[in-house]
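Each chain, written out:
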Amino acid sequence: VSTSELARRDPYAELDFVGRASELEGLSRLVGEVAQHRTSRSLWLTGEAGIGKTRLLGELERRLGPEVRFLRLEEQGYDLSAVWRRLVEGLLGWEGGADPRGWGPALERELAEVLPNDPRGARQILVSLGLAEGKSWARPERRAVDRSLVAWRDLILAVLARERRAQRTRAFVLVAEGSSPESPFGGLFTLLEGAGAPVLSVRVSRSRSPDDEPRLHLAPLSFQESLALVGQVANPILKVATESLVLQVGGIPSNILELGRALSITPQGSFSGSLASLLQARLDMLPSAARQLLAVAAICGEQSWEALVLNVAESREDDLLQRLLNETLLLKSGLSQIPGHSELHFQSELVRRAVLRMIPFSERPALHLAVASWLERHAPLGLSQLIAHHFKEGGSSEAAYPHY
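None of these values were measured; they are calculated from a predicted model. (Residues numbered from 1 in each chain as written. Predicted model: local features only at pLDDT ≥ 70, side-chain atom pairs only at ≥ 80, totals over all residues. Heavy atoms only, no water.)

Our focus in this paragraph is the sheet that holds strand β3 (residues 171–177). Read across the sheet, 5 strands follow the order β2-β3-β4-β1-β5 without closing on themselves; strand pairing throughout is parallel. Of all the strands in the sheet, just β2 (68–74) and β5 (215–217) have a single pairing partner and so form its edges. On average, adjacent strands in this sheet sit at an angle of 20° to one another, irrespective of strand direction. As paired strands, strand β1 (residues 41–46) and β5 are joined by 3 bridges and run parallel to one another. Opposite Thr 46, over in β5, you have His 217 as the bridge partner. The sheet strands contacting helix α3 (residues 53–64) are β1, β2, β3 and β4 (199–205), and the helix crosses β2 at an angle near 160°. Lying over the sheet, helix α8 (residues 147–165) contacts β2, β3 and β4, oriented at roughly 145° with respect to β3. (Pairing = 2+ DSSP bridges. Helix = DSSP H or I, 4+ residues; strand = E, 2+ residues; numbered from the N terminus. Axes fitted to C-alpha atoms, helices over the stretch in contact; angles between N-to-C directions. Contact = heavy atoms within 4.5 Å.)

As structure tokens, then:
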């Protein structure tokens, strides 16, 4: 399987979907209205990390079936090149290979078929992919609009019209994860809103969204819903301990699942009954080298990178990292903000916080500096603020300043 297919695999996909009935019904109704009235709508889907935003959209896609086409993207700061590559792959079913530099002639022919009356738009798409040199527009009214966004909008509408004629698609749902109001990618959603086509744009964010735009905010699960979810993975023998600990994880689905998994693999006599001791007991079952890998990943932040973790931890034991992936303590992301390096994140923020508590304060500055040094050598300009943060946390404000 490809890296992207492996990364999108949900370790809990076989579990029953719990809660979110009203949210699911509201989204289904909105897609129906978009398809029936052939109108474009946009929506912000917000909620904290691990609240279930991605799982909700996955369940929506499963229930609506193949007549509604879903395309998921991940906004990556101000670097849109990876977003455009994913968009052209998803729209055209393009499989031009891992290196986009070899896409040129074949992709140009395919764009000519989809946009036969718009050669400038097709060229603008190639420009945004880095496959052709851009030209400045002479007329001021054309320079005032990002022509690449217009070209991508026209491509989306052309593909959708072609599929509607073939009676394959009623509506198109475009999902952008990791959105922010400042992202230049948001201009595409603005253009789609006035397009008069059955498109629902969903921008997924942890907390931030404009106050004047439609928003669906996911709240934590109720206590009964939390029990129903954790009951699918926890050891039933520990039911009393499960019910007492569920209250401590705050109704966050990813934390609930992590709690259930820890309860299912941790011997009953190895923890005192508190959530902290339960997580500590689970982490203590790992080899010390594996715990060191987790410590580096936790210091990095919400995302880390495979080569960074192995380098800073001074480990060459890839099998230990693979064990952490197999036990779903860490997951691989489908996209990476550092080209050529697999991006990792914790399955649960609950575990990341538990790992951070295990790292002595005296050791943290050195780890931050090691992380910053690696990022300085490998990370793109879009991660400058992250590099500066780690230099600052390592006590080197002078090194942090130029990155800020």
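There is more to say after this.
Another point: the sheet that holds strand β6 (residues 304–305). Strand order in this open sheet of 3 strands is β6-β8-β7, and the pairing throughout is antiparallel. Since the sheet does not close on itself, it has two edges, and those belong to β6 and β7 (330–332), each with one partner. Judged from the 3 bridges that link them, β7 and strand β8 (residues 343–346) form a sheet pairing that is antiparallel. Each residue of the ladder has a partner; that of Lys 332, found in β8, is Leu 344. Lying on the sheet, helix α14 (residues 288–300) is in contact with β6, β7 and β8; it crosses β8 at an angle near 95°. Sitting on the sheet, helix α16 (residues 318–326) is in contact with β7 and β8, with an inclination near 95° to β7.

With that out of the way, let us pick up the packing of aromatic side chains. Under the criterion given, the structure shown has 1 aromatic pair. Their ring planes at 5° and their centres at 4.8 Å tell us that Trp 84 and Trp 152 sit as a pair that is stacked. Here Trp 152 lies in helix α8 and Trp 84 lies in helix α4 (residues 81–92), a separation of 68 residues in the sequence. Each member of the pair, Trp 84 as well as Trp 152, is classed as buried. In this structure, Arg 364 packs its charged tip against the face of Phe 361, placed 4.3 Å from the ring centre. (Phe/Tyr/Trp six-rings, centres within 6.5 Å; stacked < 30°, edge-to-face > 60°. Buried < 20%, exposed > 50% of the residue type's maximum accessible area, 1.4 Å probe, protein only. Lys NZ or Arg CZ within 6 Å of the ring centre and 35° of its normal.)

Let us now look at the environment of Glu 23. Structurally, Glu 23 is set in helix α2 (residues 21–37). It is 9.8 Å that separates the C-alpha atoms of Glu 23 and Leu 60, two residues lying 37 residues apart in sequence. Among all residues touching Glu 23, those that are not within four sequence positions of it are Leu 56, Leu 216 and Leu 218.

A side chain with one charge can pair with a side chain of the opposite charge if their charged atoms come near. Per the counting criterion, the structure on display carries 12 salt bridges. Residues Asp 154 and Arg 153 are paired through a salt bridge, measuring 3.0 Å at the closest nitrogen-oxygen approach. Arg 352 is the partner of Glu 349 in a salt bridge, and the nearest nitrogen-oxygen pair spans 3.0 Å. One end of the pair, Glu 349, and the other, Arg 352, are both in helix α17 (residues 349–358), 3 residues apart, so they sit about a helical turn from each other. Relative accessible area serves as the criterion here: at 13%, Arg 352 is assigned to the buried category. Overlapping salt bridges bring together Glu 59, Arg 62 and Arg 63 as one network. (Salt bridge = Lys/Arg side-chain N within 4 Å of Asp/Glu carboxyl O.)

Moving on, we get to the pairing of β4. In terms of burial, β4 is a largely internal element, 7 of the 7 residues being buried. Examined bridge by bridge, β1 and β4 share 6 bridges and lie parallel to one another. Within β4, the residue paired with Trp 44 across the bridge is Arg 203. Sheet analysis places β3 next to β4, joined by 6 bridges and oriented parallel. Note that in β4 the partner of Glu 177 across the bridge is Val 204. For the crossover from β3 across helix α9 (residues 186–193) to β4, the handedness is right-handed. (Right-handed = clockwise from strand over helix to strand, strands pointing away.)

Relative orientation of the contacting elements α4 and α8 amounts to 15°, with a least axis distance of 10 Å. With respect to α8, the element α4 is oriented roughly parallel. Crossing hand, α4 versus α8: left-handed. Contacts between α4 and α8 involve Trp 84, Leu 87, Val 88, Leu 91 and Leu 92 from the first element and Leu 149, Trp 152, Leu 155, Ile 156, Val 159 and Arg 162 from the second. Among the residues forming the contact of α4 with α8, the class breakdown is 10 nonpolar, no polar and 1 charged. (Parallel < 35°, antiparallel > 145°, perpendicular 65-115°, else oblique. Left-handed = near helix turned anticlockwise from the far one by under 90°. Nonpolar A, V, L, I, M, F, W, Y, C, P; charged D, E, K, R; others polar.)

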